[in-house]
Amino acid sequence: MSKLIRIGTRDSKLALWQAKIVQSQLEHLGHKTVLVPVKSTGDIVLDKPIYELGITGVFTKTLDVAMLNGHIDIAVHSFKDVPTVLPKGIVQAAVIKRGNVRDCLVFNDNEEFLSQREAIIATGSLRRRAQWLNRYPTHTTVGLRGNVNSRLEKLENSDWNGAIFAAAGLGRLDIKPEESFNLEWMVPAPAQGAIMITALEEDEETRTILTEINHKETEIATAIERKFLNLLEGGCSAPIGALAFIKEEEVHFQGVLLSLDGTKKIEVQRTVALGAHHDLAQFCADYIIERGGTRLMDTIKKAPKKANIFSTKTLTDDQRYQFCEAVVSDHSDFIKISLNRMTATVLRPMPKNVVITSKNAVEALITNFSSEELKFENIYCVGRKTKRFVERKIGKVKHTENSAKALAEYLVDYIDGTHVTYFCSNLRLDDLPTILADNQIEVNEVIAYETKHESHQIDDSVEGVMFYSPSTVQSYKQENDDDIIAFCIGDTTATEAKKHFKDVRVAKMPTVESVVKLVNEYYK
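Summarised in this report is the structure supplied together with it. Predicted model, so just to flag it, every value in this text is computed and none were measured.

## Some details on the sheet that holds strand E13 (residues 265-273)
In step 1: Ordered by their spatial adjacency, 3 strands build an open sheet running E11-E12-E13, and the pairing between neighbours is antiparallel. With partners counted over all chains shown, the strands left at the sheet margins are strand E11 (240-247) and E13, one partner each. On average, each strand axis in the sheet is tilted by 10 degrees relative to the strand beside it, whichever way the strands run.
In step 2: Seen against the sheet, helix H3 (residues 126-135) touches E11, strand E12 (250-258) and E13 and runs at an angle of roughly 80 degrees to E12.
In step 3: Relative to the sheet, helix H8 (residues 280-302) contacts E12 and E13, its axis offset from that of E13 by approximately 170 degrees.

Structure (structure tokens):
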């Protein structure tokens, strides 16, 4: 076969493993292939808004867009992550033979906590959380997100008793710890353990090729599970489990719907002859609905939505109202500022050239001195808001730039003299003083305020985080992983963010409102 099949995949270890399995099966049949790792939606230009294409999957969106743009021929997905309704023009082309369907408990120390009243279990899944609490109602569950390796590392370094993983993921990466066992009682996610391949509906040649590796039994079982999910879910994420399998010419099905806290559970089990299974999902969904499923789903839908965007700085009501409907925001100050006491010696002699890079430095100056005492000849600033604040509280600003680095480069060429006083934080960046010192400009640093990290763990529902300074990035990283989109107020913040995050986006203007606009552009 002369056709080269471009296989699209996310670039995580597990996603690449799955893609290589598909690649191996296709090449074994004589087809030429190449893997095309796709990093993020930010790397792809699309001539239509994503919402017009019906793309909703958090983990599948990037590959859907790449396929519609003609960058890849097929996409390999962990089937349980795929929305039950595919984007227009994209179809399910094959499902390969299913792996381990079960969830797996990995534990620290020993299993004694299972018989104890108090225990802490980590999971980022609503379904796993609800089923665990239904079985162990006195236990506590905590959020857990990130790739498989990072989640195992978090468990090892925590005081948690255990964490729940997909057994298939651990097995495929060959990293299943000895301190683990499969949870046979937990109903898995619909299509868990299965790998699905999509292709363009119009690409008949590629779709024909993919039928060669399609596993019919897995296709039937996962189709039943996903239809059951679709009939119950109605666009709302809920704790739903489903498992179908074929044995001795019969299709066995088990489904469950739970409340978010696990206190309510509605189950269904049914077995039918293979060939008479086409209405199985409908029958089981109706069974759940008739026994209180509708009321339970209504309760879940009315539950407060979890935040998908987090701001590392408290937002005003006006700023929060600017978010589009798709955004549910939460916020908290990830850095704490305390103004330092400065003595009159700071102004003796009166500094001729002064650099101020934040409003906090201005606050520190006007707290310690009257405006009449602050008779600086040349004031240089970073940021328009800082400039306006300086001119309102202290005096005229001679020049401003959008970053400390840009200001330093300006001063190298245009400063009046060879000495500058820099009112800064204890956690300031090195760019400005280093550039000036390298160009024989003496820098007198005055620590006007202290910046202290106030980090805490954010909810695992958060997809993107808004950062306003390198310090907010550093503070966030103390308690959280890097599996988010970083929305940054400026280039300096973005430089720090790129040390930790793959997807970093920068606002056009260094204002909170501009960062909000950046978030809206992503979700629209």
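## Some thoughts on the packing of aromatic side chains
In step 1: Using the criterion set out here, one finds 15 aromatic pairs in the structure.
In step 2: A centroid spacing of 4.6 Å and a plane angle of 35 degrees characterise the contact between tryptophan 132 and tyrosine 136, whose relative ring orientation is tilted.
In step 3: Look at tyrosine 136 and you get buried, because its relative accessible area is 16%.
In step 4: Judged by centre distance (6.4 Å) and plane angle (70 degrees), the ring pair of tyrosine 136 and tryptophan 185 falls under edge-to-face. One end of the pair, tyrosine 136, is in the loop between H3 and strand E7 (140-142); the other, tryptophan 185, is in the loop between strand E9 (180-183) and strand E10 (195-200), and 49 residues separate them in sequence.
In step 5: Of the aromatic side chains, those joined through ring pairs into one cluster are Phe310, Phe334, Phe467, Tyr476 and Phe501.
In step 6: For arginine 291, the ring lying beneath its charged end belongs to tyrosine 287, and the centroid distance is 3.6 Å.
In step 7: Residue placement shows lysine 359 over the ring face of phenylalanine 389; its charged tip is 5.2 Å from the ring centre.

## Quick notes on the sheet that holds E9
In step 1: Pairing is mixed in the open sheet, where 5 strands are placed in the order E7-E6-E8-E5-E9. Strands at the two margins of the open sheet, each flanked by one partner only, are E7 and E9. Strand-to-strand twist of the sheet, defined as the mean angle between neighbouring strand axes without regard to direction, takes the value 30 degrees.
In step 2: Set on the sheet, H3 makes contact with strand E5 (103-107), strand E6 (120-122), E7, strand E8 (162-166) and E9; between it and E8 the angle comes to about 130 degrees.

## Some words on the packing of helix H12 (residues 404-414) against helix H13 (residues 431-438)
In step 1: Put simply, H12 and H13 touch, their axes get as near as 8 Å, and they point 20 degrees apart. The angle between H12 and H13 falls in the class roughly parallel. Where H12 crosses over H13, the handedness of that crossing is right-handed. Contact residues: Ala404, Lys405, Leu407, Ala408, Glu409, Leu411 and Val412 in H12; Asp431, Leu432, Ile435 and Leu436 in H13.
In step 2: Across the contact of H12 with H13, the residue classes tally to 8 nonpolar, no polar and 3 charged.

## Comments concerning the layout of surface pockets
In step 1: Its boundaries defined by the atoms lining it, the second largest pocket holds a volume of some 1,200 Å³.
In step 2: Lining the second largest pocket are 43 residues, and of these Thr357, Ser358, Asn360, Tyr468 and Ser469 lie nearest its centre.
In step 3: Put simply, the parts of the chain that give the lining of the second largest pocket at least two residues each are strand E16 (335-339), helix H10 (359-368), helix H11 (384-393), strand E20 (419-425), strand E21 (442-453), helix H14 (470-477) and helix H15 (491-497).
In step 4: When grouped by side-chain class, the residues that make up the lining of the second largest pocket number 15 nonpolar, 20 polar and 8 charged.

## Regarding the side chain of serine 180
In step 1: Position of serine 180 relative to the elements: it lies in strand E9.
In step 2: The buried category is assigned to serine 180, whose relative accessible area is 14%.
In step 3: Sequence-distant contacts of serine 180, that is, excluding residues within four places in its chain, are made with Cys104, Leu105, Val106 and Phe107.

## Observations concerning empty space enclosed by the protein
Taking a probe equal in size to a water molecule and rolling it over the atoms shows the remaining empty space.
In step 1: The final tally for this structure, using the stated rule, is 2 cavities of 30 Å³ or more.
In step 2: Taken as a whole, the second largest cavity encloses approximately 30 Å³ of empty space.
In step 3: Sorting the residues of the lining of the second largest cavity by element identifies H12 and H13 as the ones contributing at least two each.
In step 4: Among the elements that make up the lining of the second largest cavity, the one with the highest residue count is H13 (3 residues).
In step 5: Here the lining of the second largest cavity is built from residues that sort into 5 nonpolar, 1 polar and 2 charged.

## Re the pairing of strand E4 (residues 90-95)
In step 1: A large share of E4 lies buried, amounting to 5 of its 6 residues.
In step 2: Judged from the 5 bridges that link them, E4 and E10 form a sheet pairing that is antiparallel. Residue glutamine 92 lies in a different strand from E10, and its bridge partner there is threonine 198.

The rules behind the values
Residues numbered from 1 in each chain as written. Predicted model: local features only at pLDDT ≥ 70, side-chain atom pairs only at ≥ 80, totals over all residues. Heavy atoms only, no water. Pairing = 2+ DSSP bridges. Helix = DSSP H or I, 4+ residues; strand = E, 2+ residues; numbered from the N terminus. Axes fitted to C-alpha atoms, helices over the stretch in contact; angles between N-to-C directions. Contact = heavy atoms within 4.5 Å. Phe/Tyr/Trp six-rings, centres within 6.5 Å; stacked < 30°, edge-to-face > 60°. Buried < 20%, exposed > 50% of the residue type's maximum accessible area, 1.4 Å probe, protein only. Lys NZ or Arg CZ within 6 Å of the ring centre and 35° of its normal. Parallel < 35°, antiparallel > 145°, perpendicular 65-115°, else oblique. Left-handed = near helix turned anticlockwise from the far one by under 90°. Nonpolar A, V, L, I, M, F, W, Y, C, P; charged D, E, K, R; others polar. 1 Å grid on protein atoms, 1.4 Å probe; cavity = no way out; pocket = protein on both sides within 12 Å on 5 of 7 lines; lining within 4 Å. Points joined across faces, edges and corners; volume = space filled by probe spheres on them.

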